[in-house]
Amino acid sequence: MKTVNSGIIEISTLGDNRGNLSVIESLIHVPFEIKRVFYIYATKEGVRRGFHAHHKTRQALISVAGSCKIHLDNAIRKEEVLLDSPNKILILEPNDWHEMYDFSNDCVLLVLASELYDSEDYIRDYDEFLKVYSKSVQEV
Ligand code: TYD
């Protein structure tokens, strides 16, 4: 499944008769240095969250348990991505407006980020997002 301008990376599973093990290393399995990790879980039914893009932060999303969907919008194209495997990593670029939804009850969505938390790095207004990114994406 190809995304707008990001991508799904499949990581291999180091499994044996004890079970599975997956590994993600900075600059090897994700294309940035990981400075922050957070996870979203026990999400209530019907909740949709996110609704933002970033100026600088790149992120990698992994549904380590359960599943959820991600709505992506890079100001030109929109796409829906299903995260339903601990081996699927979705890379989000700063210009990917994203919304997360359809969380299964058991979903644990792990997020690896390239920057420390900074509320100034968020673009939470959709019109501002279009202003910042629609031109730059067309020029690419
Ligand atoms: P929020 O940005 O609202 O989550 P979402 O975009 O998924 O809806 O984050 C919820 C709260 O957590 C908000 O008060 C900001 C805070 N927060 C941090 O302090 N550090 C972080 O790394 C993140 C992601 C959020």
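Definitions and limits used
- Residues numbered from 1 in each chain as written.
- Predicted model: local features only at pLDDT ≥ 70, side-chain atom pairs only at ≥ 80, totals over all residues.
- Heavy atoms only, no water.
- Helix = DSSP H or I, 4+ residues; strand = E, 2+ residues; numbered from the N terminus.
- Rg over C-alpha atoms; globule rule 2.2 N^0.38 Å.
- Buried < 20%, exposed > 50% of the residue type's maximum accessible area, 1.4 Å probe, protein only.
- Pairing = 2+ DSSP bridges.
- Phe/Tyr/Trp six-rings, centres within 6.5 Å; stacked < 30°, edge-to-face > 60°.
- Salt bridge = Lys/Arg side-chain N within 4 Å of Asp/Glu carboxyl O.

A. Focus on the overall build of the protein chain. Looking only at helices and strands, the protein chain features 1 helix and 10 strands. Relative to its length of 140 residues, the protein chain is compact, with a C-alpha radius of gyration of 15 Å against a globular reference of 14 Å. With the principal axes as the frame, the protein chain shows a C-alpha extent of 50 × 35 × 30 Å. Looking at the protein chain residue by residue over its 140 residues, the buried ones come to 44%.

B. Molecular detail of the pairing of strand β8 (residues 97–101). In terms of residue burial, β8 counts as a mostly covered element, since 5 of its 5 residues are buried. Burial along β8 is two-sided: the face carrying W97, E99 and Y101 and the face carrying H98 and M100 are both buried. Here strand β3 (residues 49–54) pairs with β8 via 3 bridges, running antiparallel. Across the sheet, the residue bridging to G50 is E99, located in β8. Of the strand pairs in this sheet, strand β5 (residues 68–73) and β8 are connected by 5 bridges, and their pairing is antiparallel. Residue pairing in the sheet places H71 in a bridge with E99 of β8.

C. Broad picture of the sheet that holds β5. Strand order in the open sheet formed by 5 strands is β6-β5-β8-β3-β10, with antiparallel pairing between adjacent strands. Taken across any chain shown, the strands that pair with only one partner, and hence form the sheet edges, are β6 (78–83) and β10 (122–123).

D. Up close: the packing of aromatic side chains. This structure, assessed with the given rule, holds 6 aromatic pairs. Seen from their ring centres, Y126 and F129 are 5.5 Å apart, and the 40 degrees between their planes marks the pair as tilted. One end of the pair, Y126, and the other, F129, are both in helix α1 (residues 126–139), 3 residues apart, so they sit about a helical turn from each other. Looking at Y126, the relative accessible area reads 29%, which means it is partly exposed. A network of ring pairs unites the aromatic residues W97, Y126, F129 and Y133 as a single cluster.

E. Focus on the pattern of salt bridges. Under the counting rule described, the total for this entry stands at 7 salt bridges. Across the salt bridge formed by D16 and R18, the nearest N and O atoms sit 2.6 Å from each other. On the accessibility criterion, D16 (39% relative accessible area) is partly exposed. What makes R18 exposed here is its relative accessible area of 76%. Residue E115 is joined to K35 by a salt bridge in which the shortest nitrogen-to-oxygen separation is 3.8 Å. Residue E115 is located in the loop between β9 (108–113) and β10, and its partner K35 is located in the loop between β1 (7–10) and β2 (36–41); the two are separated by 80 residues in the primary sequence. Judged by relative accessible area, E115 falls into the buried class, the value being 18%. One network of salt bridges, in which partners are shared, links K35, K56 and E115.

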